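One-letter residues, chain by chain:
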Amino acid sequence: MQERKGRIIRISGSLVVAEGLPMPQMYEVAEVGEQRLVGEIVRIDGDRSYIQVYESTSGLRPGEPVYGTGSPLSVELGPGLIGQIFDGIQRPLKRIAETSKSIFVLRGIKLEAVPRDRKYVFTPSKELKPGDKVGPGDIIGYVDETPLIRHWIMVPHGVSGRLIEISPEGEYSVEDPIAYVEANGEKTAVRMLQKWPARRPRPFKEKLEPELPMLTGMRILDTLFPMAKGGTGAIPGGFGTGKTVTLHSLAMWSDARVVIYIGCGERGNEMTEVLEKFPTYKDPWSGRPLMERTILIANTSNMPVSAREASIYVGVTMAEYYRDMGYDVLLVADSTSRWAEALREIAGRLEEMPAEEGYPSYLQSRLAEFYERAGRVIAVGEPKRIGSVTLVGAVSPPGADFTEPVTTHTRRFIRVFWALDTALAYSRHYPAINWITSYSAYVDTVTGWWAKNVDKDWRDLRDSLYSILLRENELREIVRLIGPENLSEPDKLIMETARIIREGFLKQNAYDKIDAFASPQKQVKLMRAMVNFYRNAKKLVDSGVPVKVIREKTQDLITELIKARFTIPNEELDKIDELDRRITERLSQIGG
Amino acid sequence: MQTSQYVEYETIKEIRGPLVIVEKVGSVAFDEMVELELSNGEKRSGRVLEVGLGYAVVQIFEGTSGVSTKGTKVKFLGKTLEVPVSEAMLGRIFDGLGRPLDGGPPVIAEEKRDINGFPINPASRAYPEDFIQTGVSAIDGMNTLVRGQKLPLFSGSGLPHNMLAAQIARQATVRGEKEEFAVVFAAMGIKYDEALFFRKFFEETGAIKRVAMFINLADEPAMVRLITPRMALTLAEYLAFERDMHVLVILTDMTSYAEALREISSAREEVPGRQGYPGYMYSDLASIYERAGRAIGKKGSITQMPILTMPADDITHPIPDLTGYITEGQVVLDRGLYNRGIYPPINVLMSLSRLMKEGIGPGKTREDHGDVSNQLYAAYSRAQELRGLAVIVGEESLTDTDRRYLRFGEAFERRFLSQGFYENRSIEETLDIGWEVLSILPESELTNIKDVFIQKYHPRRRSSGGS
């Protein structure tokens with residue numbers, strides 16, 4: 001085949017302008033210069049193609065060749081993705097380190113995302129036999145990719161017809177044909193390896209309402225601001241408010257089957273932390289090492305900005321692929337602000353007209369497109385599968401100012417808002433999620449699940465707990481004017497109970513073995529003990545007992561209750577019930 | 001000269017701020033180094049910022065004053081900006097472009113390296129976890145520094161950040177180890193007396209033999225400021241990853257660096273982001289700060305301590321803000337504390353060390369470290385809140401417990417935070433002082449500390465424990 005070739009006429013940072021490239025296509029991948037650096041065509045003007053290069057362009061000269069590849073930026077899909085770490089354009093970073101024998105990411109390295117030299121045991125589907133009709137998304141067999149993930153092999157999109165051959169159980173590489181499909185006399189080989197254009201959402205049959213909670217083991221999230229499987233959320237926060245710790249906790253403890261963690265323009269050490277920690281930590285839901293369900297994408301802040309822009313799409317395409325197998329996938333992007341800045345930088349080099357704060361005017365439509373790729377869906381193909389992609393993006397507003405463009409636009413497309421608060425972080429109240437400004441639109445939708453599976457009183461307890469916190473917030477304003485001692489007795493009780501809730505329920509130490517992950521049952525029991533304390537103490541207050549007396553008489557038990565989050569493990573929850581009883585009893589003695 | 005083989009051009013078309021646009025050039029590479037020869041024979045250097053067919057935009061490091069479109073020769077050197085690196089650079093003083101300032105001989109390069117370096121592969125990094133004892137309680141106890149971390153000092157003009165940086169450079173040790181260490185010091189746009197302070201300090205402590213200094217003073221061209229930290233870090237990478245040394249890099253003042261970046265951006269007529277700073281400032285700062293850490297299979301490490309002065313003490317200003325998003329925490333100096341005579345005036349509530357958790361605990365510092373630190377934070381933040389309240393409603397409207405918090409707050413600042421410039425506290429001393437001030441509070445308030453540690457370390461328990 002004739003190679004499509006042009007030549008460089010201008011270089012400005014990561015933007016290269018080439019002329020003479022025949023038939024360029026928007027978002028086609030181009031290889032730039034003698035070193036064949038990877039780039040993407042982002043604008044076409046007459047004979048000129050504007051190419052965004054994903055690697056450093058230092059040393060490139062006008063006149064050097066540019067090659068068109070004819071295909072858009074594509075993601076490789078197949079067994080072998082789980083447990084890997086990729087850069088923003090899906091190059092495998094571990095193998096880059098092994099191949100280059102360098103601790104640095106050098107230029108011009110090309111390695112395939114899905115390893116070709118590895119063999120997998122393929123087991124053909126028992127439902128299918130030669131002669132059956134198959135279409136896109138139909139499962140023809142599986143590979144056990146990790147002990148946690150059975151990787152269902154699906155007929156790729158664009159292929160349908162009569163199955164004429166399917167390989168028997170055995171070891172195959174991802175490029176070996178494992179089945180043949182015939183249509184109109186044409187025979188197509190089906191392989192375990194597929195490709196999909198990163199910027200195009202993968203199709204599904206039907207979108208469903210997200211009604212199951214995505215449990216995270218974090219009390220303030222699960223109880224007050226729940227996420228739903230297939231939902232969307234944002235975590236905005238200034239620096240040092242704990243975005244990354246919260247996202248790591250989400251990636252570690254969520255009851256998703258597959259987790260994709262994108263480090264998009266963030267710190268290198270944060271990815272290293274995940275790489276070192278995840279193999280040694282166990283998924284609380286399955287007891288297996290976390291790495292067996294995790295894919296990492298690391299395009300750190302000092303790696304090329306253009307690849308940072310691509311990393312989000314590469315990640316979400318992989319998420320959709322596992323969704324199509326029927327899995328619940330959680331995708332965490334840290335941080336979407338850095339991604340937006342990459343957009344801004346590229347737009348600036350293209351000399352596009354800037355909108356707010358220099359961001360391009362299409363910022364909001366790009367954000368919308370991204371978050372729209374979340375959802376709980378019926379996948380294409382047989383047998384019927386329901387899978388979901390849950391998207392959570394960190395937002396890093398400059399100066400912790402939530403009115404800046406990325407935060408305000410993001411808010412329009414997400415349903416859960418976990419607002420991190422600088423003041424809480426300064427006082428080391430972690431997770432520093434502000435319970436006044438945060439919200440979740442899924443509280444009603446997940447109530448059914450909690451009532452059915454954990455506790456029928458969940459909603460009642462949650463609302464009581466939350467109303468105490470809301471009332472405390474109002475009272476704090478008053479306390480600032482008149483001092484705590486001048487409050488009415490019922491209000492003093494609110495303040496006291498809110499303190500217990502803040503210290504003993506909302507605070508959660510992500511590094512404490514016992515506290516880091518709270519099972520749904522533990523959350524409800526702690527919550528019940530606190531609400532019970534309030535209700536029983538309220539009766540005493542109403543009958544004239546001062547809060548001071550209640551505090552003095554119950555101090556030891558209350559301290560015990562506050563510490564229960566890190567002293568009582570998920571396996572010994574009876575102890576919380578028992579503590580609850582002792583508190584109730586002690587209170588009744590005061591009354592008597 | 002080997003450069004003579006390169007073609008010279010006298011085709012400058014336009015000069016705009018620090019930029020020179022050269023026409024009718026042949027094959028020029030992006031990022032290539034350039035030498036300018038003025039009609040009076042003076043030489044200047046620069047590099048290619050943009051290149052097209054037949055033209056190149058060149059940024060001149062020393063500025064364009066006196067440069068004319070006529071009679072100036074432009075030479076493209078056929079290479080990107082490289083710096084010679086060598087162990088022999090320790091003990092030497094250089095200008096912002098790496099030329100000796102100390103009258104010593106030119107450096108004989110063991111290797112030449114591109115000053116931009118390459119990003120460290122996240123899969124090749126090793127997570128920093130070795131506790132560095134700085135001897136400063138506010139840092140060791142509550143914002144622990146570990147080897148391979150990048151921890152900036154956020155300061156304000158006139159605050160003692162140089163003293164603190166010097167104290168840390170002098171006292172920092174990894175306990176139980178005697179390993180090769182080095183300090184690489186890069187000064188961007190600082191005043192002469194500040195440069196002198198560090199130089200004298202390194203000389204007095206005898207550390208000068210292990211220090212390489214790169215100095216770009218405030219009256220020197222802004223362009224050089226963009227090069228200086230990269231020079232320093234290229235040397236640091238060489239020393240750490242090829243020569244197995246533990247390198248502490250001090251970069252001061254990053255505010256001057258960021259201002260130089262803005263100057264060039266506006267000369268290039270780029271679309272500005274916040275407050276006129278370029279939209280890519282985050283990525284640009286990251287390309288400096290991320291050059292820190294440890295790597296798998298390498299003995300050495302790079303620990304970075306950038307210093308920046310917050311304009312108008314405003315932590316939300318783009319420079320500290322973007323820095324905080326990249327670095328692994330920050331140590332914030334506070335004018336209020338300084339005015340009350342507290343040294344080091346570290347605002348612990350605003351400070352943070354993200355890598356602390358891996359560097360502390362049994363075997364590294366002490367088992368109660370994490371809990372004590374959490375409790376000090378919680379209590380001091382409560383004390384601060386109550387101070388504000390007491391001003392309005394009066395101390396008498398507070399509860400007994402609240403008044404104890406106020407006493408705790410005072411003691412915390414006077415006993416724990418405050419220490420001498422030459423006072424080098426061990427981590428045990430730091431934690432014991434922490435307990436001492438915490439014991440002002442009722443024990444029921446210590447909800448962040450596990451009972452076993454209270455039994456073992458609480459002063460009241462310890463004094464009664466023996467009887």
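All values derive from a computational prediction rather than experimental measurement.

(A) Highlighting the overall build of chain A. Along the backbone of chain A there are 15 helices and 28 strands. The proportion of buried residues among the 592 residues of chain A is 63%. Sequence separation of 24 or more characterises 70% of the internal contacts of chain A that already satisfy a separation of 6 or more. Distance from the positive charge centre (80 side chains) to the negative charge centre (81 side chains) of chain A: 1 Å.

(B) Representation of the confidence of the model for chain B within the structure. Per-residue pLDDT for chain B has a mean of 91; in total, 98% of the residues score no lower than 70. Both scores are given for the predicted complex: the pTM is 0.93, the ipTM 0.90.

(C) Seen up close, empty space enclosed by the protein. Counting across every chain of the model gives four cavities of 30 Å³ or more. Size it by volume and the largest cavity reaches roughly 200 Å³. Surrounding the largest cavity, 20 residues form its lining, A:Glu341, A:Arg344, A:Pro398, B:Arg274 and B:Leu322 being those nearest its centre. Within the residue set of the lining of the largest cavity, elements represented by two or more residues are helix H6 (336-349) of chain A together with helix H6 (281-289) and helix H7 (318-326) of chain B. Of the residues forming the lining of the largest cavity, the biggest block, four residues, is contributed by H7(B). The residue inventory of the lining of the largest cavity, partitioned by class, reads nine nonpolar, five polar and six charged.

(D) Seen up close, the interface of chain B and chain A. Counting residues at the interface gives 87 residues for chain B, matched by 84 residues for chain A. Together, the buried faces of chain B and chain A total about 6,700 Å²; carbon and sulfur atoms form 55% of this surface. The tally of links from chain B across to chain A stands at eight salt bridges. Here A:Arg476 ties to B:Glu385 by a salt bridge, and the two come within 3.4 Å at their closest N and O atoms. In this assembly, chain B and chain A are joined by 34 residue pairs in polar contact (both at pLDDT 80 or more). Of all the elements in the fold, those that place two or more residues in the side of chain B that touches chain A are strand E5 (43-52), strand E7 (73-80), strand E11 (125-126), helix H4 (222-241), H6, H7, helix H10 (369-393) and helix H13 (451-457) of chain B. It is H10(B) that provides the largest number of residues to the side of chain B that touches chain A, a total of eight residues. Class assignment of the residues belonging to the side of chain B that touches chain A gives a composition of 43 nonpolar, 24 polar and 20 charged.

(E) Region of interest: helix H4 (residues 268-277) of chain A. Within H4(A), nine of the ten residues are buried, leaving the element largely enclosed by the surrounding structure. Regarding H4(A), the residues found buried are A:Gly268, A:Asn269, A:Glu270, A:Met271, A:Thr272, A:Glu273, A:Val274, A:Leu275 and A:Lys277.

(F) Fine view of the sheet that holds strand E10 (residues 133-134) of chain A. All names here are of chain A. Spatially, four strands are ordered E10-E13-E15-E16 in an open sheet, and the strand pairing comes out antiparallel. In the strand order of this sheet, the two ends are held by E10 and strand E16 (186-191), each with one partner. Sheet topology places E10 next to strand E13 (residues 161-166); two bridges connect them, and they run antiparallel. Each residue of the ladder has a partner; that of Val134, found in E13, is Gly161.

(G) Molecular detail of the sheet that holds strand E11 (residues 139-144) of chain A. All names here are of chain A. Strand order in the open sheet made by the four strands is E12-E11-E9-E14, with antiparallel pairing throughout. Only two strands of the sheet have a single neighbouring strand rather than two, namely strand E12 (150-154) and strand E14 (170-173). Taking the axes of each pair of neighbouring strands and ignoring which way they run, one obtains an average angle of 40° across the sheet. Both strand E9 (residues 119-124) and E11 contribute to a ladder of three bridges, which runs antiparallel. Bridge assignment links Thr123 to a residue of E11, and that residue is Tyr142.

(H) Seen up close, the domain arrangement of chain A. Segmenting chain A into domains produces domain 1 (5-72), domain 2 (120-192), domain 3 (205-434) and domain 4 (454-591). When each unit is reduced to the centre of its C-alpha atoms, the spacing between domain 2 of chain A and domain 4 of chain A is 56 Å.

(I) Quick peek at the nonpolar core. Of all hydrophobic cores here, the largest spans 167 residues; its most connected members are A:Trp418, B:Phe202, B:Phe408 and B:Phe412. With eleven residues, the top contributor of residues to this core is helix H13 (residues 520-542) of chain A. Those residues in contact with A:Trp418 that lie beyond four places of it in its chain are A:Leu221, A:Phe225, A:Met227, A:Ala234, A:Ile235, A:Pro236, A:Leu250, A:Val392, A:Ile433 and A:Ser438.

(J) Inspection of H13(A) at higher detail. The terminal C-alpha atoms of H13(A), which comprises 23 residues, lie 33 Å apart, in line with the 33 Å expected from a rise of 1.5 Å per residue. A:Gly544, located one to two residues past H13(A), shows a positive phi value of around 105°.

(K) Structural detail: the packing of aromatic side chains. All names here are of chain B. Using the criterion set out here, one finds 32 aromatic pairs over all chains in the structure. Measuring from ring centre to ring centre gives 5.2 Å for Phe412 and Phe416, while their planes differ by 15°; the resulting arrangement is stacked. Highlighted residues: Phe412 and Phe416, both in helix H11 (residues 400-417), separated by four residues, approximately one helical turn. Note on accessibility: Phe412 and Phe416 belong to one class, buried.

(L) Main features of the domain arrangement of chain B. Residue and element names in this part refer to chain B. Entries for chain B in the domain assignment read domain 1 (8-79), domain 2 (83-358) and domain 3 (369-463). Computed from C-alpha atoms alone, the centre-to-centre distance between domain 2 and domain 3 is 32 Å. Domain 2 puts 28 residues into the contact, and the matching count from domain 3 is 26 residues. Both sides together, the interface formed by domain 2 and domain 3 hides about 2,200 Å², and carbon and sulfur atoms give 56% of it. Among the residues domain 2 hides against domain 3, the three largest losses belong to Ser137, Met142 and Leu349. Together they make up 26% of the total. The partner of Glu428 in a salt bridge is Arg175, and the shortest N-O contact between them spans 3.2 Å. Linking domain 2 to domain 3 there are 18 residue pairs in polar contact (both at pLDDT 80 or more). Going through the elements one at a time, helix H1 (137-142) and helix H2 (161-171) are the ones with two or more residues in the side of domain 2 that touches domain 3. In the side of domain 2 that touches domain 3, the residues fall into 14 nonpolar, ten polar and four charged.

(M) The environment of A:Glu369, seen in detail. Locating A:Glu369 in the fold gives a position in helix H7 (residues 363-372). Sequence-wise, A:Glu369 and A:Phe413 are 44 residues apart; in three dimensions their C-alpha atoms are separated by 9.2 Å.

(N) Geometry of the pairing of strand E5 (residues 48-53) of chain A. Residue and element names in this part refer to chain A. Among the six residues in E5, five count as buried, and that is most of the element. Direction of pairing for strand E2 (residues 15-19) relative to E5: antiparallel, over a ladder of five bridges. Looking at E5, one finds that Ala18 is bridged to Ser49. Bridge analysis of strand E4 (residues 37-45) against E5 gives six bridges, and the strand direction is antiparallel. Looking at E5, one finds that Ile41 is bridged to Ile51. Between E4 and E5, which pair antiparallel in sequence order, lie two residues; one of them, Gly46, sits at a positive phi of approximately 60°.

(O) Representation of the pattern of salt bridges within the structure. Residue and element names in this part refer to chain A. In the structure shown here, the tally under the stated rule is 96 salt bridges over all chains. Close ionic contact of Glu19 with Arg7 constitutes a salt bridge, the shortest N to O distance being 3.4 Å. Here Glu19, found in strand E2, pairs with Arg7, found in strand E1 (residues 5-12); they are twelve residues apart in sequence, far enough to count as distant. Among the residues examined, Glu19 registers a relative accessible area of 23% and is labelled partly exposed. We note a salt bridge from Glu175 to Arg116, for which the minimum N-O separation is 3.2 Å. Taken as a pair, Glu175 in the loop between E14 and strand E15 (177-183) and Arg116 in the loop between helix H1 (93-100) and E9 lie far apart in primary sequence, 59 residues in all. We classify Glu175 as partly exposed; its relative accessible area is 40%.

(P) Structural detail: unusual backbone geometry. Omega for the peptide link from A:Asp334 to A:Ser335 comes to 10°, which places this bond in the cis form. Checked against the element boundaries, A:Ser335 lands in the loop between strand E24 (328-334) and H6. With an omega of -10°, the peptide bond running from A:Tyr430 to A:Pro431 counts as cis. Looking at the secondary structure, you find A:Pro431 in the loop between helix H9 (422-426) and strand E28 (439-440). Notably, A:Asn184 is not glycine yet its phi reads approximately 50°, a positive angle. One can find A:Asn184 in the loop between E15 and E16. A positive phi angle is found at B:Asp244, which is not glycine, with a value near 55°. Tracing the backbone through its elements, the reader meets B:Asp244 in the loop between H4 and strand E17 (246-252).

Cut-offs applied
Residues numbered from 1 in each chain as written. Chains lettered and ligands numbered in written order. Predicted model: local features only at pLDDT ≥ 70, side-chain atom pairs only at ≥ 80, totals over all residues. Heavy atoms only, no water. Helix = DSSP H or I, 4+ residues; strand = E, 2+ residues; numbered from the N terminus. Buried < 20%, exposed > 50% of the residue type's maximum accessible area, 1.4 Å probe, protein only. Contact = heavy atoms within 4.5 Å. Lys, Arg positive; Asp, Glu negative; His and termini not counted. Charge placed at Lys NZ, Arg CZ, Asp CG, Glu CD. pLDDT = per-residue confidence, 0-100. 1 Å grid on protein atoms, 1.4 Å probe; cavity = no way out; pocket = protein on both sides within 12 Å on 5 of 7 lines; lining within 4 Å. Points joined across faces, edges and corners; volume = space filled by probe spheres on them. Nonpolar A, V, L, I, M, F, W, Y, C, P; charged D, E, K, R; others polar. Buried area = accessible area lost by both parts, 1.4 Å probe. Salt bridge = Lys/Arg side-chain N within 4 Å of Asp/Glu carboxyl O. Polar contact = N/O pair within 3.5 Å; in protein donor to acceptor, adjacent residues only side chain to side chain. Pairing = 2+ DSSP bridges. Axes fitted to C-alpha atoms, helices over the stretch in contact; angles between N-to-C directions. Domains from an automatic or database assignment. Core = buried A, V, L, I, M, F, W, Y, C linked by side-chain atoms within 4.5 Å. Expected span 1.5 Å × (residues − 1). Phe/Tyr/Trp six-rings, centres within 6.5 Å; stacked < 30°, edge-to-face > 60°.

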